[in-house]
Amino acid sequence: MARMNMIQALNSAMDVMLERDPGVVVLGEDVGYFGGVFRTTDGLQRKYGEHRVLDTPISELGIVAASIGMAVNGLRPVAEIQFADYIYPGYDQIVSELARLRYRSAGEFYAPVTIRTPCGGGIRGGQTHSQSPEAIFAHVCGVKVVMPSNPYDAKGLLIAAIEDDDPVIFLEPKRLYNGPFDGDPGKPAVPWSAHPRGEVPEGHYTVPISKAQIVRAGRDVTIIAYGTMVHVAEAAALSLGLDAEVIDVRTISPLDSETLCESVRRTGRCLIVHEATRFGGFGAEISATVQEQCFWHLQAPIGRVGGWDTPYPHAFEWEYFPGQKRVAMALEAIMSAG
Amino acid sequence: MANRLRTRLHVPQPPARPGDRTDFSYLKLQPAGTQPRPDVKVSAQATLPLATGLVRVLDDDHRAVGAWDPHVEPEVLQAGLRHMLMTRIFDERMQRTQRQGRISFYMRSHGEEAVSVAQAMALRPGDMLFPSYRNQGLYMVRGRPLVDLMCQLLSNTRDMCKGRQLPVMYHWRQGKIFSISGNLATQFPQAVGWAMAAAIKGEDHVASTWIGEGSSAEGDFHAGMVFAEVYQAPVLLNIVNNQWAISTFQGFAGGERSTFAARGPGYGVAGVRVDGNDFLAVYAVTQWAAERARKGGGPTLIEHVTYRASAHSTSDDPSRYRPKDEYEHWPLGDPVERLKRHLIALGEWSDERHQKLAGELEEEVAVAWREATKYGTLNEGPRLDPDLMFEDVLKDMPEHLVRQREQLRAERG
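The rules behind the values
Once a new chain begins, its residue numbering starts again from 1 and follows that chain's sequence as written. As a convention, the first chain written is A and the first ligand written is 1, with the rest following in written order. The predicted origin of the model limits local features to residues at a pLDDT of at least 70 and limits the giving and counting of side-chain atom pairs to 80 or more, whereas totals for whole chains, interfaces and linings rest on all residues. Side-chain measures were taken over the full set of non-hydrogen atoms in the model, leaving aside hydrogen atoms and water. Under the scheme used here, helices are H or I runs from DSSP no shorter than 4 residues and strands are E runs no shorter than 2 residues, and both carry numbers assigned from the N terminus. The reference for a compact globule is 2.2 Å times residues^0.38; the radius of gyration itself is calculated from the C-alpha atoms. When accessible area is computed with a 1.4 Å probe and restricted to protein chains, residues below 20% of their type maximum are described as buried, those above 50% as exposed, and intermediate ones as partly exposed. Residues count as neighbours in contact if any of their non-hydrogen atoms are within 4.5 Å of one another. Residue burial considers only the protein chains on display, and all accessible areas are found by Shrake-Rupley using a 1.4 Å probe. In plain words, nonpolar cores are sets of buried Ala, Val, Leu, Ile, Met, Phe, Trp, Tyr and Cys residues tied together by side-chain atoms within 4.5 Å. Summed over both partners, the accessible area lost on bringing two parts together, with a 1.4 Å probe, is the buried area. Each salt bridge in this description consists of a side-chain nitrogen of Lys or Arg and a carboxyl oxygen of Asp or Glu lying within 4 Å of one another. For this classification, Asp, Glu, Lys and Arg are treated as charged, while Ala, Val, Leu, Ile, Met, Phe, Trp, Tyr, Cys and Pro are nonpolar and the rest, including Gly, are polar. A pocket here means an open set of points on a 1 Å grid, computed over the protein atoms alone, that has protein on both sides within 12 Å along at least five of seven lines. A cavity is instead a set of points where a 1.4 Å probe fits but cannot get out; residues with an atom within 4 Å of a point line either one. Grid points are joined across faces, edges and corners, and a volume is the space filled by probe spheres set on the points. Boundaries of every domain are those given by an automatic assignment or by a domain database.

**Student:** Just to check I follow, could you spell out the overall build of chain A for this structure?
**Tutor:** Scanning chain A for helices and strands turns up 12 helices and 14 strands. A globule of 338 residues ought to have a C-alpha radius of gyration of about 20 Å, and chain A, at 19 Å, matches this closely. Taken over the C-alpha atoms alone, chain A extends approximately 60 × 45 × 40 Å along its principal axes. Each of the 338 residues in chain A was classed as buried or not, and the buried ones make up 64%. Sequence-distant contacts, at least 24 apart, represent 79% of the contacts inside chain A between residues at least 6 apart. Summed over all atoms, the accessible surface of chain A reaches about 12100 Å², with 54% contributed by carbon and sulfur.

The following block contains the structure:
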């Protein structure tokens, strides 16, 4: 098996699908000749030609709308929005069109479009390169929302997304592109080559959408996280010497609530961790679901950790980012309750 | 300091409001037959005279004149007349059923029938149509049974949308007519994407899409134009300038100092301004633009100058914002009447045949309505199963929707 970072794994997923399915096209700003600002589509245009890997005008609205039209005409577009922070000009086309086409036409028309977009902070990107907008897509009926936390899942989930006949918003935590990140910016960077989930098969495989994964089994508390926060949460639990069960949600919507709730029923305690702002964040949905299904098993109030409810600041990145300290304090509160 | 220039906010005003004398002098018209018809491979920039002038074929004596005369057989014109008349009769009947409370909402295309019918007839069956909500003529041309359309309007047990869409928001995959959103202008850049895919696949199908002049103010218009130009997509981009976007006149969408078609050459897209009430002119311009697209000449922006003769919808009352008699003064006439007069001038039609045809079409609509209502109306007769609400959100029903479906079943007892 090969060693890949997340960028290479995503590139490999698109390579595999461009090879297997002549209907797959990749489009977005800078994705063609240049290979993407994060190099995620590097080499693909050279290999598959400029009709399959297209540079586009700077118009997220146009990218999403053109993808819908292409999909209706039998193609399987994989669109890149260069940063999730730039997705809003395409939001109407996603919410009112892409998501509802199957429903409004009673299944006659549908658009199997995958929208890849780098999300999340920790890269000194300020408020225009750091957002985690998963909740505003989770609230939309008719799209699936996925966020991997490692190269193996990234490739398998992206292939599954491209093969899926429903539209998928595929959020890539850019802080994880080159290596796992436990929330401590002072430590030397760790490459994916040193991590077991950096082992990635070269060929075709899928990781199922709508399946969460227990990344660390434990008995004391269930920590529910996704994206970068999977690694931060695991490190925080370890620092406290807790036997925590850490679950990587992987698919925000449709949510695998069964895996989450089964775990909480065992541990009796639950902390939800995400990078996005807390108020109205996706953690609120998870919290409500866990409360409804696990109330009589809970020994402490469900905790939630997220970014502060402010725009993502530039100078205060590490005061803003929900790092190990914030997670650890929330865990201590949960462990001392009840 | 008397003549000092000052900025002053300009608020466009329509030429007439209720009680005023109607004035259409703002329309730049020109006589039929006076526009040259350039080669289809002409550069986009060179179309500027076409985009600022007006292509007309039918003259005041109901003859077809000039370089844009498409020279189509009388049978084609008769079929066009039939489709336009059917559209109008269907619209009138559906309007009445709304007034009777049988359907919740309706939108007529009165006065704009040629825009859909002539264009659909000049395209090929393999071409994909991305309509707005005032293009029912497309369905008449492509032959969707009236009963199917009515069942959609009724949201009944045979509703193609399974009760999920407002009336008029049809779709027809087999007939290559895209689902009508109800949101404005979103279909415009989608049609460009469809056309891009046709080019990627090396097919010679074209896409065609319609938006109103009002919604051409949306960003979707701009994105569609840019993508169409950049990739030279084989697409016909129609702006139906029917003068009114609900109560807002076309000056509020940018029509005061320029034509809508003139935006085309600005983007590097061919532009043609056509008399939208002239069946032959719309037919000819469509042929020209489709041939241009199929030969790799790229997109064409077509402005159809027409008039929304009826209310925006059954929820609208135009007497509150425009003169009641405005349509009577509309200088481009009525598309049905004009084609009828032309056929009579050719000796291929008569008032008697017209009246007979109208009677037959009314009967056809009445028969279809009787059948459609057998499958239920919004308020009476058989109803769609509310379980259908939960289907087609995603291809496979996710678990939380299965649970919600169960919950609704429990609620309903």
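**Student:** Is there a simple way to think about the nonpolar core in this case?
**Tutor:** If you look at soluble globular proteins, the nonpolar side chains tend to sit buried side by side. Counting residues in each nonpolar core, the largest one holds 79 residues, and the members touching the most others are Phe90, Met150, Tyr170 and Phe279 of chain B. For Phe90 of chain B, the contacting residues outside a window of four places in its chain are Tyr106, Met140, Leu146, Leu149, Met150, Leu153, Tyr170 and Val365 of chain B. Counting residues in each nonpolar core, the second largest holds 74 residues, with Ile169 and Cys294 of chain A together with Ala185 and Phe227 of chain B among its members.

**Student:** Sorry, what's going on with the interface of chain B and chain A here?
**Tutor:** Size of an interface, as often reported, equals the accessible area lost when the parts are brought together. On the side of chain A, 40 residues touch chain B, which itself brings 44 residues to the contact. Regarding the contact of chain B and chain A, the summed buried area is about 3500 Å², with carbon and sulfur atoms giving 61% of it. Among the residues chain B hides against chain A, the three largest losses belong to Arg173, Ile200 and Phe227 of chain B. Together they make up 18% of the total. Where chain B touches chain A, the interface holds 1 salt bridge. Salt-bridge contacts for Lys395 of chain B lead to Asp165 of chain A; the nearest nitrogen and oxygen are separated by 2.6 Å. No other element matches the 8 residues that helix α6 (residues 187-200) of chain B contributes to the side of chain B that touches chain A. Looking at side-chain class alone, the side of chain B that touches chain A contains 22 nonpolar, 10 polar and 12 charged residues.

**Student:** What is the right way to look at the layout of surface pockets in this model?
**Tutor:** Over the atoms rolls a probe the size of a water molecule, and in doing so it shows where empty space is left. Here the largest pocket defines a volume of roughly 1200 Å³. Surrounding the largest pocket, 48 residues form its lining, Ala138, Ser253, Pro254 and Leu255 of chain A together with His400 of chain B being those nearest its centre. For the lining of the largest pocket, the secondary structure elements donating two or more residues are α6 (134-138), β12 (251-253), α9 (257-267) and α10 (282-294) of chain A together with α12 (399-412) of chain B. Broken down by element, the lining of the largest pocket gets its largest block of residues, 7 residues, from α10 of chain A. Among the residues making up the lining of the largest pocket, the classes are represented as 21 nonpolar, 12 polar and 15 charged. Both domains that meet at the lining of the largest pocket, namely domain 1 (2-200) and domain 2 (213-336) of chain A, each give it at least three residues.

**Student:** Sorry, what's going on with the pattern of salt bridges here?
**Tutor:** For side chains of opposite charge, pairing can occur when their charged atoms come near one another. Residues and elements named next belong to chain A. By the definition in use, this model includes 47 salt bridges over all chains. Note that Asp164 and Lys144 form a salt bridge whose closest N and O atoms lie 2.9 Å from each other. Note that Asp164 is positioned in the loop between α7 (151-163) and β7 (168-173) and Lys144 in strand β6 (residues 144-146), a separation of 20 residues in sequence. Classification of Lys144 as buried rests on a relative accessible area of 13%.

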